[in-house]
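Tertiary structure, described
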Amino acid sequence: MTVSRPLVGWLYISPLMLVLIPFFVLPILVVLVASVFETDGFGGLIPTFTLANYRNVLTSALTFNLYYETVKFTVLTWFFTLILGFFIAYFLVFHVRNPLLAIGLFLICTVPFWTSNIIRMISWIPLLGKEGLINSALLRIGLIHEPLTFLLYSSFAVVVAYVHQLTIFMIVPIFNSMARIDKRVVEAAVDAGASRFDIMRLIVVPLSKSGIALGSIFVASIVMGDFFVTKVMSGGSSASVVGAFYEDISVLQYPSAAASAVVLTVILLAMVSLILRTVDIRKEITQ
Amino acid sequence: MSAAQQAAALAPARAKQRAISPSRGGRPWTFYLLATLFTFYVVALYGPMICIYILSFQDVRGGLVFPMKGLSLHWFVDLFTQVRTGDVKGAFDRSIKLAILVTIITVVVSFMAAMAFRRRFPGDNVVFSLMIGSLVAPGLVLGIGVGLLFNALGIDTSWYGSALGAQLSWTLPFGVLVMFAVMSRFNPAWEEAARDLGATPWQIIRLVIIPVLAPGLVAVALFGFTLSYDEFARTLQTAGPQNTLPLEIWSMTLNVTSPSLYALGTVTTIISFIIIGTALGAIVLMQKRRGARVGGH
């Protein structure tokens, strides 16, 4: 071959870089720069260097509340998607005997992922609403005498919508790492007298760790970076970090929105790299 | 051997069978528990969606909740003819064109990137980190960045320019990750055999690698199309004056309180299902053909 190996690698990777540099690296830098600029109040930016935007973001009690709300939703969603995702993957890998059936059931779980998230979210409205299916069913059987109002436009509805959308991000990576567990390891453990609980605790959970980590990254980064579900499903009663800077943008306050975005991105990156320290994802995915 | 001894000898074997998803014999109690959980999950996954598809077929008296009021296509007609619901037809048109563009670029670029990652090259870890960063960065932050960048450069934002790029920064890392999973099952021996038979590098790619990886490439295309077709956060600040479909749906969730919102949900889901069906069908067909060819020899 006349071309050297690194050159071939770079040639193959160059189209990807041609997208990532102008549409990921530069935009992030622009946001970083805008966060130290001042606004002229009409959507224009005045080039300067000020940390006032950061001071405002970091010292306001509002910011603290926003992060409290967002972290609350992130932790709740993470917890429920993890429990559901783990046991569904466990069921498909260790309990369904027919491999073709297991793949079929797996596909049933994944199909909604390829449809619109927004539509899936609003589809809870006819169920959870004041006159929705759940309330009218409970009223009819006499369990309640007044419609439950916490079902829709509440924190409950936000968590339901997130879990509905994001459990798939847990199922797929956990399924993937569980499917790779060598069944002979499990057999050996049984021969050595391990109980089923021991097998779960000492074999299945540790060997699914990379899948759990990957799923957690997806779920946490999506919930923290989202504002849509919180806005619609809480009926405006809960705010989110991203929702707040979306409001800033709509009144053309770019610098303060940018400062808030930088803070969020730093928190997100810290979280992701913390999770990444526990597993080598690249090795997990490529091997 | 007495019956008791026999039973004692069989007990561990039976315990083992229970522990590792037995292919015969009784199911452990956890099977029933987890099967119930799974059923519950699938019902909760599809139930609400099915509700809004049913509700979209009400007549003019229809509301946002059950019970059904009549049966008609009123809200579908309403969706495409009323001014109040915005330019739904145009949004459909743009979203599908954009998704096709994104799909083509995603397949080609992800394939090339995955080829690069088969061997180590200087800077590969940096590229990998950038990719993961692009995947987890909050969509709206990136959208704002792209919007400000285009603004600073004096280029107008548009769905076929800035929004296309912003969507690619999300579909490409996804596509490359899927390609990694696909490539890990590729046996390098086939490639070496082709080289030994005198194939040029281009012939190896065209005649060996691409045909072998074809089902995986269809899967990447499926991801590219659907991720773009439903993309919202990155498109919001970058689409310019003309809306894509998810942006149209978003403005409808804030303004429209009639079943035409559900009708839009039904229509866009039908399109999604056609795409998913076509892609999965193509993959199954390829695998079947391959199986038949191997069986025939």
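Residues numbered from 1 in each chain as written. Chains lettered and ligands numbered in written order. Predicted model: local features only at pLDDT ≥ 70, side-chain atom pairs only at ≥ 80, totals over all residues.

**So, the overall build of chain A**
- Secondary structure assignment for chain A yields 15 helices and two strands.
- Counting only C-alpha atoms, chain A reaches 80 × 70 × 30 Å along its principal axes.
- Evaluated residue by residue, chain A yields a buried proportion of 45% over its 287 residues.
- Contacts in chain A between residues far apart in sequence, at least 24 positions, make up 71% of those at least 6 positions apart. (Helix = DSSP H or I, 4+ residues; strand = E, 2+ residues; numbered from the N terminus. Buried ≥ 20, exposed ≤ 12 C-beta atoms within 10 Å, placed from the backbone. Contact = placed C-beta atoms within 7 Å.)

**Quick look at the overall build of chain B**
- Within chain B one finds twelve helices and zero strands.
- Reading chain B from its N terminus to its C terminus gives the helix and strand order α-α-α-α-α-α-α-α-α-α-α-α.
- Taking all 297 residues of chain B together, the buried fraction comes to 39%.
- Once local pairs closer than 6 in sequence are excluded, the contacts in chain B between residues at least 24 apart make up 74%.

**What about the packing of helix α1 (residues 5-34) of chain A against helix α7 (residues 162-183) of chain B?**
- Axis separation between α1(A) and α7(B) bottoms out at 9 Å; the angle between their running directions is 120 degrees. Relative to α7(B), the element α1(A) lies oblique. For the pair α1(A) and α7(B), the crossing hand works out as left-handed. Contacts from A:Leu16, A:Val19, A:Leu20, A:Pro22, A:Phe23 and A:Phe24 of α1(A) reach α7(B) at B:Gly165, B:Ala166, B:Leu168, B:Ser169 and B:Leu172. (Axes fitted to C-alpha atoms, helices over the stretch in contact; angles between N-to-C directions. Parallel < 35°, antiparallel > 145°, perpendicular 65-115°, else oblique. Left-handed = near helix turned anticlockwise from the far one by under 90°.)

**Points about the environment of B:Met286**
Residues and elements named next belong to chain B.
- With respect to the secondary-structure elements, Met 286 resides in helix α12 (residues 260-296).
- Overall, the presence of 14 C-beta atoms within 10 Å leaves Met 286 in the partly exposed class.
- Each C-alpha atom of the pair Met 286 and Val 267 lies 29 Å from the other, and the pair is 19 residues apart in sequence.
- Apart from the residues lying within four places of it in its own chain, the contact partners of Met 286 are Ala 214 and Pro 215.

**Some details on the interface of chain B and chain A**
- Contact with chain B, which involves 73 residues of that partner, is made by 78 residues of chain A.
- Sorting elements by how many residues they give to the side of chain B that touches chain A places helix α2 (residues 29-55) of chain B first, with 14 residues.
- Tallied by class, the residues present in the side of chain B that touches chain A amount to 55 nonpolar, 15 polar and three charged. (Nonpolar A, V, L, I, M, F, W, Y, C, P; charged D, E, K, R; others polar.)

**Things to note about the environment of A:Ile174**
- Tracing the backbone shows A:Ile174 in helix α8 (residues 155-179).
- Classification of A:Ile174 by C-beta neighbours within 10 Å gives buried; the count is 28.

**Digging into the confidence of the model for chain B**
Residues and elements named next belong to chain B.
- Within chain B, residue pLDDT values average 83, and 88% of them lie at 70 or more.
- Mean pLDDT values for the elements of chain B range from 48 in helix α1 (residues 3-19) up to 92 in helix α4 (residues 88-116).
- Low pLDDT, under 50, characterises residues 7-19; the stretch is placed with eleven contacts to residues that sit more than four places away or in other chains.
- Two summary scores accompany this predicted model of the complex, namely pTM at 0.86 and ipTM at 0.86. (pLDDT = per-residue confidence, 0-100.)

**Thoughts on the confidence of the model for chain A**
- Across chain A, pLDDT averages 86, with 95% of residues at or above 70.
- For chain A, the element scoring lowest by mean pLDDT is helix α15 (residues 281-286) of chain A, at 64; helix α3 (residues 61-95) of chain A scores highest, at 92.

**Remarks on unusual backbone geometry**
- Despite not being glycine, A:Tyr153 has its phi angle at roughly 55 degrees, a positive value.
- A residue is classified by how many C-beta atoms lie within 10 Å of it, and A:Tyr153, with 20 of them, is buried.

**Quick notes on helix α9 (residues 201-229) of chain B**
- Taking 1.5 Å of rise per residue, the 29 residues of α9(B) would be expected to cover 42 Å, yet its terminal C-alpha atoms sit only 35 Å apart, more than 12% below that figure.
- Where α9(B) bends most, at B:Ala214, the angle is about 65 degrees, and the proline B:Pro215 comes one to four residues later. (Expected span 1.5 Å × (residues − 1). Bend = angle between axes of the 7 residues up to and from the residue.)

**Regarding the environment of B:Val208**
All names here are of chain B.
- The topology assignment puts Val 208 in helix α9.
- For Val 208, a count of 18 C-beta atoms within 10 Å corresponds to the partly exposed category.
- For Val 208, the residues in contact, after removing those within four places along its chain, are Trp 190, Glu 191 and Ala 194.

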